[in-house]
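Reading the structure
Here is what each chain is made of, one letter per residue.
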Amino acid sequence: MKERLIALQVYSVRDAAEADFAGTMRKVKEMGYDGVELAGTYGMTAVEAKKILDEVGLELVSAHVPMDQLEDDAVLDDYAATGLKHIAIPWLTGPKTKEELDAAIARIRSVGERCKARGMQLLYHNHDFEFEKIDGRYILDAYYAEIPSDLLQTELDVCWVNVGGEKPPVYVRKYSGRAPIVHLKDFSGQKSENMYGLIGTDGKKEEASGKFEFRPVGYGLQDVPSIIAAADDAGSAWFVVEQDMPSMGRTPMECAQMSIRYLRSFL
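Residues numbered from 1 in each chain as written. Predicted model: local features only at pLDDT ≥ 70, side-chain atom pairs only at ≥ 80, totals over all residues. Heavy atoms only, no water.

Regarding the sheet that holds strand S8 (residues 153-157)
Taken together, eight strands build a closed barrel; the order of strands is S1-S2-S3-S4-S5-S8-S9-S12 and the barrel is parallel. Geometrically, the sheet is characterised by an average inter-axis angle of 30 degrees between neighbouring strands, direction not taken into account. For S8 and strand S9 (residues 181-184), the ladder comprises three bridges, and the chain directions are parallel. Directly across from Glu-155, in S9, lies its bridge partner Ile-181. Seen against the sheet, helix H6 (residues 98-117) touches strand S4 (86-89) and strand S5 (121-125) and runs at an angle of roughly 140 degrees to S5. (Pairing = 2+ DSSP bridges. Helix = DSSP H or I, 4+ residues; strand = E, 2+ residues; numbered from the N terminus. Axes fitted to C-alpha atoms, helices over the stretch in contact; angles between N-to-C directions. Contact = heavy atoms within 4.5 Å.)

This is the structure we're talking about:
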């Protein structure tokens, strides 16, 4: 049976990581995670963060780096010095016109070339707004159609794929051979105004109101086993658990523990 490697996106436990990066990473390892995906380096260089991860026994799978930082040679060189193989655009505000789309494609392509020159593969981490169409084509599909796979691969976030109106297993299989890392994210409720501005409120109140809420993996609406099967078919090597905000009355660390316990129950 194929080994499934599971990492935690550190953004999920960002406050704890900010307060005590090494201690938090030790706890993540003890939970049963194989690696992490960084979203910032908490006042350290990437090389310094990687040293801590090596000491703890967690693999640095990838890193989310804002687009403006990806265009900084010093930042790229720091990540490349860790031996990092995958580096991801976490967010790029969606273009609205064909001209803006062409400009975004050119910008991503340029970053992909600079990452490739340093031995790193650029990924794109989607949200739901890339499922808007320009000239009859999803923005996300346009990125992958116009930029070759050696310069850009997918990091499909299955929560946002679902919210964007597509079935995650179908969409993951669509990019077979181009999906090295899949973001496992669960949710409850429906697409709403609070998706990007969630604050810590009582889980029962949000559930009762039907508002959108991030959930530990396996505790929401996603058909996780079907997504896992699709990722296997697509050739994915890593699953990254991400929960943008805690829920169900649990802390971020407790939510991370719930996700890995659920996944390890059948992986």
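Examining the pairing of strand S1 (residues 5-9)
A regular strand places its side chains on the two faces of the sheet in alternate fashion. Buried residues dominate S1, accounting for four of its five residues. Bridge analysis of S1 against strand S12 (residues 238-241) gives four bridges, and the strand direction is parallel. The residue bridging Leu-8 from the neighbouring strand is Val-241, located in S12. As judged from the three bridges shared by S1 and strand S2 (residues 35-38), these two strands associate in the parallel manner. Its bridge partner lying in S2, Ala-7 is registered against Gly-35. (Buried < 20%, exposed > 50% of the residue type's maximum accessible area, 1.4 Å probe, protein only.)

Thoughts on the packing of helix H2 (residues 21-31) against helix H12 (residues 252-264)
Relative to each other, H2 and H12 sit at 25 degrees, their axes nearing to 10 Å. Here H2 lies roughly parallel to H12, going by the angle between them. Two packed elements cross with a definite hand, and for H2 against H12 that hand is right-handed. Across from Thr-24, Lys-27 and Met-31 in H2, the residues of H12 making contact are Met-253, Ala-256, Gln-257 and Ile-260. The class makeup of the residues in the contact of H2 with H12 is four nonpolar, two polar and one charged. (Parallel < 35°, antiparallel > 145°, perpendicular 65-115°, else oblique. Left-handed = near helix turned anticlockwise from the far one by under 90°. Nonpolar A, V, L, I, M, F, W, Y, C, P; charged D, E, K, R; others polar.)

Let's talk about the pattern of salt bridges
One pass over the full model with this rule turns up 16 salt bridges. The closest approach of N and O atoms between Asp-102 and Lys-98, which form a salt bridge, is 3.0 Å. With Asp-102 and Lys-98 both in helix H6, this residue pair falls four residues apart, about one helical turn. The exposure class assigned to Lys-98 is partly exposed, which follows from its relative accessible area of 34%. One salt bridge connects Arg-215 with Glu-213, and the closest N-O pair in it is separated by 2.5 Å. For Glu-213, a relative accessible area of 4% gives the class buried. Among the charged side chains, a salt-bridge network with shared partners connects Asp-73, Asp-77, Arg-114 and Arg-118. (Salt bridge = Lys/Arg side-chain N within 4 Å of Asp/Glu carboxyl O.)

Let's talk about helix H11 (residues 224-234)
By the burial criterion, the buried members of H11 are Val-224, Ile-227, Ile-228, Ala-230, Ala-231 and Ala-234. Buried residues of H11, seen end-on, are gathered within an arc of 165 degrees and therefore sit on one face of the element. Packed against the buried residues of H11 are helix H8 (158-163), helix H9 (168-174), S9, strand S10 (186-188), S12 and H12. Looking one or two places after H11, you find Gly-235, whose phi comes out positive at around 85 degrees. (Arc of directions from axis to C-beta.)

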